[in-house]
Amino acid sequence: MSILASEGGPILVTGGTGQLATSLVTLGGPRIHCVGRPGFDFDKPETLAATLEAVKPVAVINAAAWTAVDLAEKEPEAAARANTSGPAELARLCAQQNIPLIHVSTDYVFSGDKGTPYVETDAVSPDTVYGSTKAEGEKQALAANPKTLIFRTSWVYSAHGKNFVRTMLNAGAKNPALKVVGDQKGNPTSSDDLARAILSVLAILEKDGWKDDFAGIYHVCGTGETTWHGLAVEALKDAADHGQAMPTVTAIRTEDWPTPAKRPADSRMDNSKLTRVFGITMPAWEESVKKVVNQIFAQTPSA
């Protein structure tokens, strides 16, 4: 059963077949109207106005982004169109029609050197093109539409699409030993949990109406923290419950797995504002990993 009331206008979701868009379509019911390229394309600004005119949404969730972190270092202009100028134009168009916008952002707006979980009032400090374009996109969306909510999330995974948990399960099924980075900390987030939080906020807005103090930035990620190594081990343990052999998983250092874009060493985020303002508590990441692994095995035909 959808969190949203069955009556009411359409909710426009950008992001095509991405993880979050897919979860929103699955959990949001018939009011969710999902769009993606080529019909909706930040590289073609005219498609934004045309989409809003065609759908006539009562709210917009922007789940579209350039998320290829390493490729963004080589193609900064394309990343900026997807993560900055595109969302800014979408926010401007929403403001013209008095439409609330939920814009999804990332932990990469932070450098990861604070040493404690980031809160929404911490200054952004991106170290990558991806993080810089997302940080600027937040700023411009907030400036363009007073009814904007920025939802920063992190380490998103799901039972569908390309993501770390699915990659680890596939690798673990084929290899007796794996090496995974163990010195980066963060908050794994199920796209289903993120979608439920977004839909719950929209339900509150529809029930109680918009309040100006709702506007702004929120951290929306799994409760609790781990490393990529810890996430891999947890997912593979859950897979072992389904009969998959448990590989040896060795923790390695970031410098042993070099990437073009620098990863934040500690991008943990504090979720308490989401709970304080909207009464929403994100599930513990371990519980959500188990649910997603169960979903993945439920989809997999038995040998």
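Everything below is about the structure printed above this text.
Residues numbered from 1 in each chain as written. Predicted model: local features only at pLDDT ≥ 70, side-chain atom pairs only at ≥ 80, totals over all residues. Heavy atoms only, no water.

Across its full length, the chain holds 10 helices and 12 strands. Taken against the 2.2 N^0.38 rule, which gives 19 Å for 303 residues, the C-alpha radius of gyration of the chain at 19 Å falls within 12% of a compact globule. Dimensions of the chain, computed from C-alpha atoms along their principal axes, come out at roughly 55 × 40 × 40 Å. At a minimum sequence separation of 6, the contacts of the chain that also span at least 24 residues come to 80%. Accessible surface, the chain: about 13,500 Å² in total, of which carbon and sulfur atoms supply 54%. Taken as two groups, the 29 positive and 34 negative side-chain charges of the chain have centres that lie 2 Å from each other. (Helix = DSSP H or I, 4+ residues; strand = E, 2+ residues; numbered from the N terminus. Rg over C-alpha atoms; globule rule 2.2 N^0.38 Å. Contact = heavy atoms within 4.5 Å. Areas by Shrake-Rupley, 256 points an atom, 1.4 Å probe, with all protein chains shown as cover. Lys, Arg positive; Asp, Glu negative; His and termini not counted. Charge placed at Lys NZ, Arg CZ, Asp CG, Glu CD.)

This next bit is on the side chain of Thr-133. Locating Thr-133 in the fold gives a position in helix 5 (residues 129-144). The exposure class assigned to Thr-133 is buried, which follows from its relative accessible area of 8%. Separated by 2.9 Å, the side chain of Thr-133 and the backbone oxygen of Tyr-130 make a polar contact. Residues within four places of Thr-133 in sequence aside, it is in contact with Pro-76, Ala-79, Ala-80, Asn-83 and Thr-84. (Buried < 20%, exposed > 50% of the residue type's maximum accessible area, 1.4 Å probe, protein only. Polar contact = N/O pair within 3.5 Å; in protein donor to acceptor, adjacent residues only side chain to side chain.)

Spatial strand order, 2-1-3-4-5-10: six strands in an open sheet with parallel pairing. Whereas interior strands pair on both sides, the edge strands pair on one side only; in this sheet they are strand 2 (32-35) and strand 10 (216-219). Direction aside, the axes of adjacent strands within the sheet are offset by 20° on average. In the sheet, strand 1 (residues 11-14) pairs with strand 3 (residues 59-62) via four bridges, with the strands oriented parallel. Its bridge partner being in strand 3, Ile-11 is matched across the sheet by Ala-59. Packing of helix 2 (residues 46-55) onto the sheet brings it into contact with strand 1, strand 2 and strand 3, and relative to strand 1 it is tilted by some 150°. (Pairing = 2+ DSSP bridges. Axes fitted to C-alpha atoms, helices over the stretch in contact; angles between N-to-C directions.)

Here we take up helix 10 (residues 285-299). Its 15 residues give helix 10 an end-to-end C-alpha distance of 21 Å, which sits within 8% of 21 Å, the value for a rise of 1.5 Å per residue. Among all positions in helix 10, only Trp-285, Ser-288, Val-289, Val-292, Val-293 and Ile-296 are buried. Around the axis of helix 10, the buried residues are gathered within 135° of arc, so they sit on the same side. Summarising the geometry of helix 10, the exposed residues directed more than 90 degrees from the buried face are Glu-287, Lys-291 and Ala-298. (Expected span 1.5 Å × (residues − 1). Arc of directions from axis to C-beta.)

Going from Arg-37 to Pro-38, the amide bond is cis rather than trans, its omega being 5°. Tracing the backbone shows Pro-38 in the loop between strand 2 and helix 2. One non-glycine residue, Lys-56, lies in positive phi territory at about 50°. If you trace the backbone, Lys-56 turns up in the loop between helix 2 and strand 3.

A few words on the nonpolar core. Residues Leu-24, Leu-149, Phe-151, Ile-198, Val-201, Leu-202 and Val-220 are the most contacted members of the largest nonpolar core, which totals 29 residues. Elements that contribute at least two residues to this core include exactly strand 1, helix 1 (19-28), strand 3, strand 4 (101-106), strand 5 (148-153), helix 7 (191-208) and helix 9 (272-278). If one sorts the elements of this core by residue count, helix 7 sits on top with eight residues. Contacts of Leu-149, omitting those with residues within four sequence positions, involve Leu-101, Ile-102, His-103, Val-201, Leu-205, Trp-210, Phe-214, Ala-215, Gly-216 and Tyr-218. Of all hydrophobic cores here, the second largest spans 22 residues; its members include Ala-159, Val-233, Ala-239 and Val-293. (Core = buried A, V, L, I, M, F, W, Y, C linked by side-chain atoms within 4.5 Å.)

A full pass over the atoms with the stated rule returns 16 salt bridges. Here Asp-122 makes a salt bridge to Lys-114, at a shortest N to O gap of 2.6 Å. Judged by relative accessible area, Lys-114 falls into the partly exposed class, the value being 35%. Connected through salt bridges with shared partners, the residues Glu-225, Asp-266 and Arg-268 form a single ionic network. (Salt bridge = Lys/Arg side-chain N within 4 Å of Asp/Glu carboxyl O.)

Attention now goes to the packing of helix 1 against helix 7. For the pair helix 1 and helix 7, interaxial distance at closest approach is 8 Å and the crossing angle is 60°. The orientation of helix 1 with respect to helix 7, classified from their angle, is oblique. Here the hand of the crossing between helix 1 and helix 7 comes out right-handed. Contact with helix 1, carried on its side by Gln-19, Leu-20, Ser-23, Leu-24, Leu-27 and Gly-28, involves Ser-191, Asp-192, Leu-194, Ala-195, Arg-196, Ile-198 and Leu-199 of helix 7 and no other residues of that element. The class makeup of the residues in the contact of helix 1 with helix 7 is seven nonpolar, four polar and two charged. (Parallel < 35°, antiparallel > 145°, perpendicular 65-115°, else oblique. Left-handed = near helix turned anticlockwise from the far one by under 90°. Nonpolar A, V, L, I, M, F, W, Y, C, P; charged D, E, K, R; others polar.)

Moving on to helix 8 (residues 228-240). Taking 1.5 Å of rise per residue, the 13 residues of helix 8 would be expected to cover 18 Å, and the 18 Å separating its terminal C-alpha atoms lies within 8% of that figure. If you check which residues of helix 8 are buried, you get Trp-228, His-229, Gly-230, Leu-231, Ala-232, Val-233, Ala-235, Leu-236, Asp-238 and Ala-239. Buried residues along helix 8 sit against helix 6 (164-174), strand 7 (177-181), strand 11 (226-227), strand 12 (248-252) and helix 10.

Attention now goes to the environment of Ala-141. Structurally, Ala-141 is set in helix 5. Separated by 52 residues in the primary sequence, Ala-141 and Glu-89 have C-alpha atoms spaced 7.9 Å apart. If we skip the residues at most four places from it in the chain, Ala-141 touches Ala-91, Thr-148 and Ile-150.

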